[in-house]
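# Results of the structural survey
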Amino acid sequence: MTTTTADEPMELAAARLREAGMRVTAPRMAVLTAVSDSASHLDADALRERAQRVTGSLSLQATYNVLRALTDAGLIRCTQIAGHPARYEAENHDNHHHFVCRNCGAIRDVECAVGAAPCMEPRLPKEYAVQEAAVTFWGVCPDCRLA
């Protein structure tokens, strides 16, 4: 049986930062760990709160700076859903979409709707190079349907 130490997630985050060619800093490790450890789609405030448990102090601006750097490096994914703050999740390169509950705002991953990335075949002139398709399904989650 193996045991996990509290330092292992941070060590993993440091390794992932190095692999991405990024400078390793405590805020980057803390935010990357917070994103990676979450099963949900968290906003910057929630990630800041979790990261501060490690760093002790982290401004909201510093959190946004780290989130931008991690997104640009391809380590996390930023999802912008109308009417909601930007949400962040680990980038798994699985080209998934999202379902949003109109009642409670819960967000759930949805597998790619059709085909390979970018998961859609838009009718555009050949001069356009589509790189990503963002699909949001809206409805009511099972918990809200039962309420």
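Just so it is clear, the structure is predicted and the values come from calculations on it, not from any experiment. (Residues numbered from 1 in each chain as written. Predicted model: local features only at pLDDT ≥ 70, side-chain atom pairs only at ≥ 80, totals over all residues. Heavy atoms only, no water.)

### What about the overall build of the protein?
Across its full length, the protein holds 5 helices and 5 strands. Its helices and strands taken in sequence order, the protein reads α-α-α-α-β-β-β-β-β-α from the N to the C terminus. Here the protein holds 147 residues, and the buried ones make up 35% of them. Sequence-distant contacts in the protein: of pairs separated by 6 or more residues, those separated by 24 or more amount to 43%. As displayed, the protein has an accessible area near 9,600 Å², and 49% of this comes from carbon and sulfur atoms. (Helix = DSSP H or I, 4+ residues; strand = E, 2+ residues; numbered from the N terminus. Buried < 20%, exposed > 50% of the residue type's maximum accessible area, 1.4 Å probe, protein only. Contact = heavy atoms within 4.5 Å. Areas by Shrake-Rupley, 256 points an atom, 1.4 Å probe, with all protein chains shown as cover.)

### A closer look at the side chain of His-97
Looking at the element boundaries, His-97 is found in strand 3 (residues 97–101). Polar contacts involving the side chain of His-97 include one to the main-chain amide nitrogen of Val-135, which spans 3.4 Å. (Polar contact = N/O pair within 3.5 Å; in protein donor to acceptor, adjacent residues only side chain to side chain.)

### Observations regarding the sheet that holds strand 5 (residues 136–139)
With mixed pairing, the 3 strands of this open sheet are ordered in space as 4-3-5. The open sheet is flanked by strand 4 (107–110) and strand 5, the only strands paired with a single partner. If you compare each strand with its neighbour and ignore which way they point, the axes differ by 25° on average. Of the strand pairs in this sheet, strand 3 and strand 5 are connected by 4 bridges, and their pairing is parallel. Note on strand 5: the bridge partner recorded for His-98 is Thr-136. (Pairing = 2+ DSSP bridges. Axes fitted to C-alpha atoms, helices over the stretch in contact; angles between N-to-C directions.)

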